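In case you want the letters, here they are:
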Amino acid sequence: MNKWTENLDRLHKPFDIAFFRTLSLLLGLYHVGLLMWDPIQYADSIGGFNVMIAPLFIWAVCASVVFSIGFKPKPLFWKLLFSPIVSLGLLSYFSVIHLT
């Protein structure tokens, strides 16, 4: 392993517990469920989908599912792409926006 991978593993280690995995899965399912139930209302509640929000939303949900099922990618690129820190942050942000 190289230094970057080791540092990223060290950064992700506190999140690699059942609480954050469950939280990640529940947040992902919550937002996908809301989107599928009434897409127009959900889009209005988070300020609409645009070129920036829609891909971030899809990426955050996919990354949360990858993290919550316990998949641990080995290459650095995939570790960065499926980082639980960023996906949990984005899903928490969408939750706050939706609930306010």
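Residues numbered from 1 in each chain as written. Predicted model: local features only at pLDDT ≥ 70, side-chain atom pairs only at ≥ 80, totals over all residues. Heavy atoms only, no water.

### Quick look at a nonpolar patch on the surface
Counted only if it meets this: Think of a patch as exposed residues, more than 30% relative accessible area, with no salt bridge, where like charges cluster within 9 Å and nonpolar side chains (Val, Leu, Ile, Met, Phe, Trp, Tyr) cluster within 5 Å. Per-residue and other accessible areas follow the Shrake-Rupley method at a 1.4 Å probe size, with only the shown protein chains counted as cover for residues. Within this document, salt bridges are pairs made up of a side-chain nitrogen of Lys or Arg and a carboxyl oxygen of Asp or Glu, the two lying within 4 Å of each other. Here a strand is any run of E in DSSP of at least two residues, a helix any run of H or I of at least four, and the numbering for each starts at the N terminus.
On the surface, L25, L29, V65, I69 and F71 cluster together into a nonpolar patch covering about 470 Å² of accessible area. Here V65 shows up in helix α4 (residues 53-68).

### Examining the side chain of S64
Rule in force here: In the analysis that follows, any N or O atom pair within 3.5 Å is treated as a polar contact, provided that within protein one partner can donate a hydrogen and the other can accept it, and provided that, for residues neighboring in sequence, both atoms belong to side chains. Here a residue-residue contact requires only that any non-hydrogen atoms of the pair lie within 4.5 Å.
Mapped onto the secondary structure, S64 falls in helix α4. Side-chain polar atoms of S64 contact the backbone oxygen of V61, separated by 2.8 Å. Discounting chain neighbours no more than four positions away, the residues touching S64 are S24, G28, S87 and L91.

### Comments concerning the pattern of salt bridges
Here is the rule: Relative accessibility decides the category of a residue: with a 1.4 Å probe and only protein chains considered, values under 20% of the type maximum give buried, values over 50% give exposed, and everything between is partly exposed.
Under the definition given, this model contains three salt bridges. A salt bridge links D9 to K79; the nearest nitrogen and oxygen atoms lie 2.5 Å apart. Residue D9 is located in helix α1 (residues 3-12), and its partner K79 is located in helix α5 (residues 76-81); the two are separated by 70 residues in the primary sequence. Among the residues examined, K79 registers a relative accessible area of 10% and is labelled buried. In this structure, the salt-bridge partner of R21 is D16, at a minimum N-O distance of 2.2 Å. Within this structure, D16, R21 and K72 form a network of salt bridges that share partners.

### Brief notes about the UniProt feature "transmembrane region" (unreviewed entry) in the protein chain
Put simply, the rule reads: UniProt positions are given in the numbering used here, feature names are shortened, and annotations may be inferred rather than shown by experiment.
This chain's UniProt record puts "transmembrane region" (unreviewed entry) on residues 18-37, 49-70 and 76-96. The span residues 18-37 is 100% helical and 0% strand by assignment, and the distance between its end C-alpha atoms comes to 28 Å. Its end C-alpha atoms 30 Å apart, residues 76-96 is made of 90% helix and 0% strand.

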